[in-house]
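Observations on the three-dimensional arrangement
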Amino acid sequence: MTGETHKEAGLQGLASALVANGALTSDWLPSFKAVPRELFIPDRIWPGIADGTRQNPVVYRSQDPEAWRRAVYLDIPLTTQWDDGDHKGDGLGTTPSSSNSMPTMVVSMLQDLDVRPGDRVLEIGAGTGWNAGLLAHRLGNLNVVTVEYDPEVARGARENLQRAGLEPKVVEGDGRLGWAKGAPFDRVIATCSLLEIPPAWLEQTRPGGIIVAPFGTEYGGEQIAQLTVNDDGTSASGRFTRSSAFMRLRQQRTNRPPFEDYLHGEPWPADGVKSTTTLAPPDTGGWFEQFVIGAGVPGAFWRAERYENGAYTLWLYSRDTLSWASVDYEQDRTEYEVYQSGPRNLWDEVEAAWRWWDEQGRPGFERFGLTVTPDGQTVWLDSPTNPVPVRG
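Read on for an overview of the structure. (Residues numbered from 1 in each chain as written. Predicted model: local features only at pLDDT ≥ 70, side-chain atom pairs only at ≥ 80, totals over all residues. Heavy atoms only, no water.)

1. Notes on unusual backbone geometry
Look at the link from Ala-183 to Pro-184: it is a cis peptide, with omega at 0°. A cis geometry characterises the amide bond from Trp-268 onward to Pro-269, with omega recorded as 10°. Locating Pro-269 in the fold gives a position in the loop between α8 (260-263) and β12 (273-277). Unlike most non-glycine residues, Asp-114 shows phi in positive territory, near 55°. You can see Asp-114 is positioned in the loop between α4 (103-113) and β5 (121-124). (Helix = DSSP H or I, 4+ residues; strand = E, 2+ residues; numbered from the N terminus.)

2. As for the packing of α4 against helix α5 (residues 130-139)
Across the interface, α4 lies against α5 with an axial gap of 11 Å and an inter-helix angle of 45°. What the angle tells us is that α4 and α5 run oblique. α5 is crossed by α4, and the crossing has right-handed handedness. Listed contacts from α5 to Pro-103, Val-106, Leu-110 and Leu-113 of α4 are Trp-130, Asn-131, Leu-134 and Leu-135. Among the residues forming the contact of α4 with α5, the class breakdown is seven nonpolar, one polar and no charged. (Axes fitted to C-alpha atoms, helices over the stretch in contact; angles between N-to-C directions. Parallel < 35°, antiparallel > 145°, perpendicular 65-115°, else oblique. Left-handed = near helix turned anticlockwise from the far one by under 90°. Contact = heavy atoms within 4.5 Å. Nonpolar A, V, L, I, M, F, W, Y, C, P; charged D, E, K, R; others polar.)

3. Regarding the sheet that holds β5
Read from one edge to the other, the open sheet built from nine strands follows the order β7-β6-β5-β8-β9-β10-β11-β17-β18, with strand pairing classed as mixed. Looking along the sheet, the strands with just one partner apiece sit at the ends: β7 (169-172) and β18 (376-381). On average, each strand axis in the sheet is inclined to that of its neighbour by 20°, with strand direction left out of account. Looking at chain direction, strand β8 (residues 185-190) and strand β9 (residues 205-216) are connected through four bridges and run parallel. From the neighbouring strand, Val-188 faces β9, where its bridge partner is Ile-211. (Pairing = 2+ DSSP bridges.)

Okay, here's the thing in structure tokens:
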């Protein structure tokens, strides 16, 4: 089998799989075939798995072209940069910082964007340029602008797009600011996750326009928000369409202070107050459960300290370093030891948020939504008039 034939088989096979799972629709199929993923993938990649929980060893096209091409045409994310470019070796870095996203997620988000002929689109996060290329093929080069913070990543995106015969505008800059020179846009799409939807995006989207963005909480979990900008141009609202796991917008990454900052020089448990709970910590640890908890418990995050036989300590922290909690989990127990310290009883807040969700019948992402106004953001259940209760 020649390389060209292999490429076509891989492209056709991936397209067929995405059509079969409902992610790739007929209106995007021509662009998907005309803008092959292969043109946007560098020589060196780290293939991931579908849920984003693991990175596989490095693969070089120059060293193993067949393995490289197989990875390209699998429905998996491909990490292309670690640690904002500081990591240079072939091993795994500390934090993935740029990638070519999982094809199912790419085409599903484009479907959420609901573009029409002539629409002008602002993309935040060019990455390898593939998403902008798909948009430019369908809407025309002049109707697509993509903003990339990392100059080296932006350079690569431009080169990849030119290789594909496409020339959307690639802007180097802070994605939070959008691109005012091109406003107003009919659609805005982000390929990085956010803790806050930047006001500039609403201001630069026409009334009735759509913003599609991965929205996460500091505690964890992330969903794709599909927001419609209201007539006033300063607010937007809409539902979540699916779960996701994108890299965080660099300017919205949060610091994780060391545990010692919370004890303030005292040996553990310092001034922690002991209690017990019947809620098993693993029940709060699912991806969507973390999202719901994060919506109700702002300014908090967690870590797990793991031991043998599945036991672990769940540590909870407030961003301001004033409050912490620990919950010890062991299998086959029905009661768990808790310590809490500071002005916030963090475990009580987490437990209350989880039990609220449980009392609602454990609804999924399709019943939740997000409203963004000049006063802030609100996650809601079923209707904007029914906000998720906020604690802390």
